[in-house]
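# An overview of the molecular structure
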Amino acid sequence: MAISPSGILENVLQIIAESGDPELVLDRIVTYIAQTCHIDVCSVYVLDPSGNRLILKATQGLEKSTVDKISMNINEGLTGLALETMAPVFVINPSKHERYKFYKDSGEELYSTFMGIPLVYHQNILGVLVFQTVEEKTISRKDIPFFSNLATQIAATVAYTGLLENLKLQKKVTSEKPGDSRESSATKNFLKGLSVTSGFAEGEAVYSRNSIGFDQIHPKQALDVKTERERLEVAFRTSAEDIKKIIGRAKELSMEDTAILEAHLMYLMDNSFKKKIGRHIDQGECAEFALKKEILFHMEFFKKLNDPYLRERASDIEDTGKRILGHLLGQTNHFVEKFEKPVILFASDISPVDLVNLNQENLKGIVLSKGGKTSHAVILAKSFEIPIIIGVKGVFNVIQEKDHVIMDASSGIVFRNPPEEIRKEYDRLKSEQSKAFDKLSVLKNKPAVTTDGFKVTIGANIGLLSDMDLVDKYGADFIGLYRTEFPFLIRQTFPSEEEQFDLYKRIVEKANGRIITIRTMDIGGDKFLNHLDSEKEANPFLGWRSVRISLENEDVFRDQIRAILRASAFGKARLLFPMISTVGEVRKIIEILREEKHFLQKGKVSFDAGIQIGIMVEVPGIIRILDRLLDSIDFISIGTNDLVQYLLAVDRNNEKVAHLYNPLHPAVIGTILDVIRLCRQKGKPVCICGEAAANLACVSLFLGMGADCLSMNPASIPVVKNFIRELDQKNLSEMLGEVLKKDTAEEVQAFLSKNAFFHEDLLKSSFF
Ligand code: PEP
Ligand code: MG
């Protein structure tokens, strides 16, 4: 038997996670096993609740109509023999065997081999897994270890997920109450969300402090005023200690400005604030609700003030309040404490700022009940190489703090307190994956060139100085995007020109001769700066964001431009402007740039006078008038993350519409093709940037369009390079012709997955 058990369990789990109806699940499992192992028949017989009879519950190969009809005593037939002896039974020409029992209409007479293996988990007999083949040679006694191993894993999996229990129960319930549709509990120990990265992680579950807000705090009578006051006192004290520690860590992250945190500290030290909360407790409120009352009152008060600076303080108060609340609720403050052991963080959502604060060795994985595929938190998690799963519904009902959790980010599955068998299986998968990645690492210094010689330049998208290590590790040709807003997310004020220059110079030097594309700040959307005078917007991605903010805060923008220009003297920097939606914006930017260059020249400050400038094409409207802009800029970067969201009107951060966020939508494909064609006509270099650049289905289309530059998350580079090196560009451009005829993203996906080059493992690393 040439099959390896590798990945079978993972796929079986995937099937269980995807389908709620236990009978359907079992049917899909046997079909999958039969197909994967090239076996004619795979059947599952389940021991009924009385423990006396085996019932055929699912089959691939036998007549489906016999499911639930074929049933035997445990001392009957070859299937019963496997159970009786509690050992695998392998027979050639089963009809000649003394224990053979013929079942009319099953079609069994066709098969010349029989293998039955007991399904046992922790001494619980679940049933028998049966394999049959037409050809005598297809399986042999030598395959018993393989199938036994498979049966052990399947038994553990179905027992753990409660699948067989559900089958039995379902029958019972159906016979008692016809038509009653009972909620399946098959998924009680594991959950499925959306896969956005690869990798596995294991650790203790911790909830994020931010996952509990004041909206979840309701009035509750204090049992004892003294105790509540003491709790409040302790929560204030520990919160203050937290802040002091964060201030220490912020320095470690080279973010010197600690004023926000100092403001938080001030509230915590303010006795009158505490006293006011104490008064609510004296009136009989519990500490949590007393805190909520006072925090909400203060927030309202500050929000009404005219002074924008003071108005902003409302968010400081909310943050401080949440911190105290976290302590009252007994949550460890994960924003400060170093995790002492490996943990998986569970949150409804997470901001890029929190993620920067949380990133540390023991943070092994992140599971969000919300989240978008291309949210900046996901992008950051990728750059920190932390597996993340998003959109896991009901996660807080299933996973409790301190549960032991395994997460398989590639399949989007989260396991709660998994049994030994599943843990072992995941250890094996993990080591296989790391071996596969090690193999890919030999590509580091090889070019991304197709079999017919089409060369693709591969860029890295980065956000922090430390990401430059990943650029080296994964062998990027250049840096296609450096998001300058990331290092400044937790600051109180905009960084000065000097501070920025210092950072940009270091990063340009670290690029070590590679081109580095520095993008001016793309604040707004899901990246809020605490110090900006911005009220909460109804549609932040359509609002005050990115270059719009820069052009309204011209001094700040000019500081950044000067800092980048000065850094350009130390390497090969390029300047990139995000979210361009009008020709006027580009004209204004060019004017500012000209003035700032002139200013530096006058001051005899060195910079690269020929620095290239480019714009991000991510607002669809600009594409219609792109031809008017191309002469005044040097290059184009297609920002697929935003282009998809704006083109399809699908918020990239909203899990409710995540299924609509699809770069394979024909409108997206057609639009990107238009941009590439236009740039080619005008001789302008164009690079495809964003998460779609690492999506293998998209990569095949982009190459078919003739795109010769892709910039992506560094960790995706080896897989994409390996993929490109197996492709033939001419075939891809023919294939693109067919794809352009498709009407829906699903049709495109289905068409692509029929292509030989999309073998299963590759598609797994394609996250859409
Ligand atoms: C994009 O929009 O595709 C992009 C690369 O930029 P960001 O994800 O930072 O918006
Ligand atoms: Mg963008």
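Structure: above.
Read on for a plain summary of the structure. Just so you know, these numbers come straight off a predicted model, no measurement behind them.

Along its length, the protein carries 27 helices and 23 strands. For the protein, the residues scored as buried account for 57% of the 768 residues in total. Taking as baseline every contact in the protein between residues at least 6 positions apart, the subset at least 24 positions apart corresponds to 68%. Split by element, the accessible area of the protein, about 32,100 Å² in all, is 51% carbon and sulfur.

Before going further, it helps to examine the state of the cysteines. Enumeration over the complete set of coordinates arrives at 1 disulfide. Between C687 and C709 runs a disulfide, and the two sulfur atoms are separated by 2.4 Å. Residues C687 and C709 are joined through a disulfide that is left-handed, its torsion about the S-S bond being -70°. Remark: C709 occurs in strand 23 (residues 709-712) and C687 occurs in strand 22 (residues 686-689); sequence separation between them is 22 residues. Considering cysteine sulfurs only, C37 is the nearest to C42, which forms no disulfide, with 7.6 Å between them.

Attention now moves to the nonpolar core. If you look at the biggest cluster of nonpolar residues, it comprises 101 residues, and the most contacted ones within it are I636, L701 and L710. Here this core gets 8 residues from one element, more than from any other, and that element is helix 22 (residues 666-682). Counting contributing residues, this core receives three or more from each of domain 4 (484-611) and domain 5 (633-768). Setting aside residues no more than four positions away along its own chain, L701 makes contact with L664, I669, M735, L736, V739, V748 and L752. Membership of the second largest hydrophobic core comes to 48 residues, among which are L9, F90, Y121 and Y160.

Once that is clear, we can look at the coordination of the magnesium ion (ligand 2). Of the protein atoms, only E618 (OE) and D642 (OD) coordinate the magnesium ion (ligand 2), at distances of 2.0 to 2.1 Å. Placement of E618 in the loop between strand 20 (612-617) and helix 20 (620-624) and of D642 in helix 21 (residues 640-648) is noted, with a sequence separation of 24 residues between them.

We now examine the site of ligand 1. Around ligand 1, the surrounding shell holds 17 residues, and the nearest of these are H376, R483, R519, N641 and R652. Measuring from an oxygen atom of ligand 1, one finds a side-chain N or O atom of E618 at 3.0 Å. T640 is positioned with one of its backbone polar atoms (N or O) 3.1 Å from an oxygen atom of ligand 1. Counting only elements with at least two residues in the shell around ligand 1, the list comes to helix 12 (376-383), strand 17 (478-483) and helix 21. Looking at the shell around ligand 1, the element that brings in the most residues is helix 21, giving 3 residues. Grouping the constituent residues of the shell around ligand 1 by class yields 4 nonpolar, 5 polar and 8 charged.

This part is about the pattern of salt bridges. Taken as a whole and judged by the stated rule, the model has 40 salt bridges. The salt bridge partner of R99 is E84, with a shortest N-O separation of 2.9 Å. With R99 in the loop between strand 4 (89-92) and strand 5 (113-121) and E84 in helix 3 (residues 77-85), this residue pair connects regions lying 15 residues apart in the sequence. Among the salt bridges present, the one from E498 reaches R566, with a minimum N-O distance of 2.8 Å. Of this pair, E498 sits in helix 16 (residues 497-510) while R566 is found in helix 18 (residues 554-567), placing the two residues 68 residues apart along the sequence. We classify E498 as partly exposed; its relative accessible area is 47%. Through salt bridges with shared partners, one network takes in E497, E498, E554, R558, D559, R562, R566, K588, E591, E595 and E596.

Two faces belong to every sheet, and in a regular strand the side chains alternate between them. Of all 5 residues in strand 13 (residues 404-408), 4 are buried, a share of seventy percent or more. Note: strand 9 (residues 200-207) against strand 13, 5 bridges, orientation antiparallel. Each residue of the ladder has a partner; that of G203, found in strand 13, is V405. Pairing analysis gives 4 bridges linking strand 13 to strand 14 (residues 413-416), with the strands arranged antiparallel. When the bridges of strand 14 are listed, D408 appears paired with I413.

Turning to the environment of I144, a few remarks are in order. Position of I144 among the secondary structure elements: in helix 4 (residues 144-161). Residues contacting I144, with those up to four places away along its chain left out, are P88, F90 and M115.

The next point concerns the sheet that holds strand 5. Reading across from one edge, 3-2-1-6-5-4 is the order of the 6 strands in this open sheet, with antiparallel pairing throughout. Strand pairing shows two members of the sheet lacking a second neighbour, strand 3 (71-73) and strand 4, which therefore form its edges. Here the strands of the sheet are splayed against their neighbours by 25° on average, with no regard to which way each runs. Bridging between strand 2 (residues 53-60) and strand 3 involves 3 bridges; their strand directions are antiparallel. Its bridge partner being in strand 3, L54 is matched across the sheet by M72.

Classification of D642 by relative accessible area gives buried; the value is 3%. Separated by 101 residues in sequence, D642 and F541 have C-alpha atoms that sit 9.0 Å apart. Excluding residues that lie within four positions of it along the chain, D642 makes contacts with F541, R545, E618 and R652. A polar atom in the side chain of D642 sits 2.9 Å from the side chain of Q645.

Calculation rules
Residues numbered from 1 in each chain as written. Chains lettered and ligands numbered in written order. Predicted model: local features only at pLDDT ≥ 70, side-chain atom pairs only at ≥ 80, totals over all residues. Heavy atoms only, no water. Helix = DSSP H or I, 4+ residues; strand = E, 2+ residues; numbered from the N terminus. Buried < 20%, exposed > 50% of the residue type's maximum accessible area, 1.4 Å probe, protein only. Contact = heavy atoms within 4.5 Å. Areas by Shrake-Rupley, 256 points an atom, 1.4 Å probe, with all protein chains shown as cover. Disulfide = S-S within 2.5 Å. Core = buried A, V, L, I, M, F, W, Y, C linked by side-chain atoms within 4.5 Å. Domains from an automatic or database assignment. Donors = N, O, S within 2.8 Å, 3.2 Å for Na, K, Ca; no water. Near = heavy atom within 4 Å. Polar contact = N/O pair within 3.5 Å; in protein donor to acceptor, adjacent residues only side chain to side chain. Nonpolar A, V, L, I, M, F, W, Y, C, P; charged D, E, K, R; others polar. Salt bridge = Lys/Arg side-chain N within 4 Å of Asp/Glu carboxyl O. Pairing = 2+ DSSP bridges. Axes fitted to C-alpha atoms, helices over the stretch in contact; angles between N-to-C directions.

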